[in-house]
Amino acid sequence: SRGLGDVYKRQVKDVDKAIEKIRFSHATRKYKYPVFEGRELIDQKTLAKMAGVSRQTVARWEELGFISRSDIGLSGSKYFVIKEVVSQLERLKDVK
């Protein structure tokens, strides 16, 4: 039986690349997003664009618990916080 680490590695291919792309999009202000109490909120579609992956990939990351949405919601929907997503993805790199 394969360990959880194998599943992680397979699912988060190129996580370094995704993190770099998110950071670059964030730094260059490529996308517009709401800011609530100093936290920049993005939806699944924007996160996928920023990371250079499909929405399905973002949904899978969420399903597997790699990333999670903030408890902050605007008009009923929960958002990801850019900095939280980056640190959640950073943690995946440490999984052996």
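Refer to the structure printed above.
Residues numbered from 1 in each chain as written. Predicted model: local features only at pLDDT ≥ 70, side-chain atom pairs only at ≥ 80, totals over all residues. Heavy atoms only, no water.

Peer 1: I'm lost on the side chain of His26 in this one. Help?
Peer 2: On the secondary structure map, His26 appears in helix H2 (residues 15-27). A distance of 2.6 Å separates the side chain of His26 from the side chain of Glu40, its partner in a polar contact. Residue contacts for His26: discarding those within four places in its chain leaves Tyr33, Glu40, Met50 and Ile82. (Helix = DSSP H or I, 4+ residues; strand = E, 2+ residues; numbered from the N terminus. Polar contact = N/O pair within 3.5 Å; in protein donor to acceptor, adjacent residues only side chain to side chain. Contact = heavy atoms within 4.5 Å.)

Peer 1: Mind showing me how you'd approach the pairing of strand E2 (residues 39-42) here?
Peer 2: Strand residues, when the strand is regular, have side chains that alternate between the two faces of the sheet. Pairing of strand E1 (residues 35-36) with E2 involves two bridges; the strand directions are antiparallel. Bridge pairing in E2 links Phe36 to Arg39. In terms of strand pairing, E2 meets strand E5 (residues 80-81) through two bridges, oriented antiparallel. Across the sheet, Ile42 pairs through a bridge with Phe80, a residue of E5. (Pairing = 2+ DSSP bridges.)

Peer 1: Would you take a moment to explain unusual backbone geometry for this structure?
Peer 2: Backbone phi values are negative for most residues with the exception of glycine, while trans is the configuration of most peptide bonds. Its identity is not glycine, yet Arg29 carries a phi of approximately 55 degrees, on the positive side. Looking at the secondary structure, you find Arg29 in the loop between H2 and E1. Given the relative accessible area of 48%, Arg29 is considered partly exposed. Look at Glu37: it is not a glycine, yet its phi comes out positive at around 50 degrees. Its location among the elements puts Glu37 in the loop between E1 and E2. (Buried < 20%, exposed > 50% of the residue type's maximum accessible area, 1.4 Å probe, protein only.)

Peer 1: Please clarify how the sheet that holds E2 should be interpreted in this entry.
Peer 2: Within a sheet, neighbouring strands are paired by backbone hydrogen bonds and run either parallel or antiparallel to one another. Pairing in this open sheet of three strands is antiparallel, and the strands run E1-E2-E5 from one edge to the other. Where the open sheet ends on each side, the last strands, each with one partner, are E1 and E5. Taken strand by strand, helix H3 (residues 44-51) contacts E2 and E5, and its axis lies near 95 degrees from that of E2. (Axes fitted to C-alpha atoms, helices over the stretch in contact; angles between N-to-C directions.)

Peer 1: What am I meant to see in the nonpolar core here?
Peer 2: The tendency in soluble globular proteins is for nonpolar side chains to be buried as a group. Ranked by size, the top nonpolar core spans 21 residues in total, and within it Ile22, Leu47, Ile67 and Leu89 carry the most contacts. When contributions to this core are tallied by element, the ones reaching two or more residues are H2, H3, helix H4 (55-63) and helix H5 (82-92). Ranked by residues supplied to this core, first place goes to H5 with five residues. Those residues within four positions of Leu47 in sequence are excluded, and the remaining contacts are Ile22, Ile42, Val58, Ile67, Phe80 and Val85. (Core = buried A, V, L, I, M, F, W, Y, C linked by side-chain atoms within 4.5 Å.)

Fair warning: the whole summary comes from geometry, so function is off the table for now.
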